[in-house]
Amino acid sequence: EFRRVLFRSMMLDLLWNGEEPVHEHIDVYATAPYFGGDLDQSVEYLFEIAPKGTNGVPEAMPYALSGRPSGYGGLYSWVQSDANELKKYPAVSLATYEGGQHLTGYTDETRKRMFAINTDPRIKTLYLQYLDMWAKLTGGALFVHYTGPEVWSNFGAWGSKQYPAQPRAEAPKHDALLTYIEQTRQQSQAEK
C-alpha cells in the first residue's frame, strides 16, 4: 500500500516539461477498480458459505469490497487511499476508466463457475455494494463499467449483458447498474 501511495504522489508531482508539477496540467486521475475472487471454490461458497466482510460482502470472493485489509491492500483500501491522497490535489478528480468484476476461467470447471457467478442473481447485490462503496469512498466520483453487451469467454465475463437484447431480468450485473442509476437519480431528485 505504501508503494502505491508513494508512486501516485511521485507521478502527480513529476515535473511537466521540467517546469510545473503534472497535477497542475491534468483534471482526472483514473483507475480501474475491479474486484475478483477465488474460482477454485464453489459458487455457493463464494456467495453464502464464506464469512461476511464489514460491508456484508462475502469475504472469499470480493474481499476487496469487505473493507478489511488484505496482503496486498485490496480494492477497498486502494480506493480509500486514492480518494484520501487526491485531497492533496483539489483540482484533480478521481474517476474510473473501467471497472466491475474481474473473474477469468481457463479450465472448463473454472469457466463454468465464472459464468455461474456472473448470471447468479446475487451478483446484483455485490454490484450494488461495490457501487455504493465506490460512491461513499470517492464522494460519488464518475464510475465507468467495463463493458456493456459482450460475449463471454474463458478470458472473462466482462459485459454487463451477454448480448444487446438480453432482458434486464436475465442480466443481474446490468440490472444492478441500472438500479443504481435509478436509485441515485431518485435520491438526487428527493434532495432538490
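Higher on the page you've got the structure.
Residues numbered from 1 in each chain as written. Predicted model: local features only at pLDDT ≥ 70, side-chain atom pairs only at ≥ 80, totals over all residues. Heavy atoms only, no water.

Draft legend 1. The arrangement of the environment of Gly99 in detail. Within the secondary structure layout, Gly99 lies in the loop between strand 5 (93–96) and strand 6 (100–101). Taking relative accessible area as the criterion, Gly99 reaches 0% and is therefore assigned buried. Separated by 67 residues in the primary sequence, Gly99 and Ala32 have C-alpha atoms spaced 5.1 Å apart. Apart from the residues within four sequence positions on either side, Gly99 is in contact with Pro33, Tyr34, Tyr130, Phe143, Val144, His145 and Tyr146. (Helix = DSSP H or I, 4+ residues; strand = E, 2+ residues; numbered from the N terminus. Buried < 20%, exposed > 50% of the residue type's maximum accessible area, 1.4 Å probe, protein only. Contact = heavy atoms within 4.5 Å.)

Draft legend 2. Seen up close, the nonpolar core. In terms of nonpolar packing, the biggest core is built from 35 residues, with Leu86, Ile117, Tyr130 and Met133 touching the most fellow members. Elements with a minimum of two residues in this core: helix 2 (43–49), helix 3 (74–85), helix 4 (108–119), helix 5 (122–138) and helix 6 (172–191). Sorting elements by how many residues they give to this core places helix 5 first, with 10 residues. (Core = buried A, V, L, I, M, F, W, Y, C linked by side-chain atoms within 4.5 Å.)

Draft legend 3. Expanded view of helix 5. Here helix 5 spans 25 Å end to end across 17 residues, near enough to the 24 Å set by a 1.5 Å rise per residue. The set of residues buried in helix 5 consists of Ile123, Leu126, Tyr127, Leu128, Tyr130, Leu131, Met133, Trp134, Ala135, Leu137 and Thr138. (Expected span 1.5 Å × (residues − 1).)

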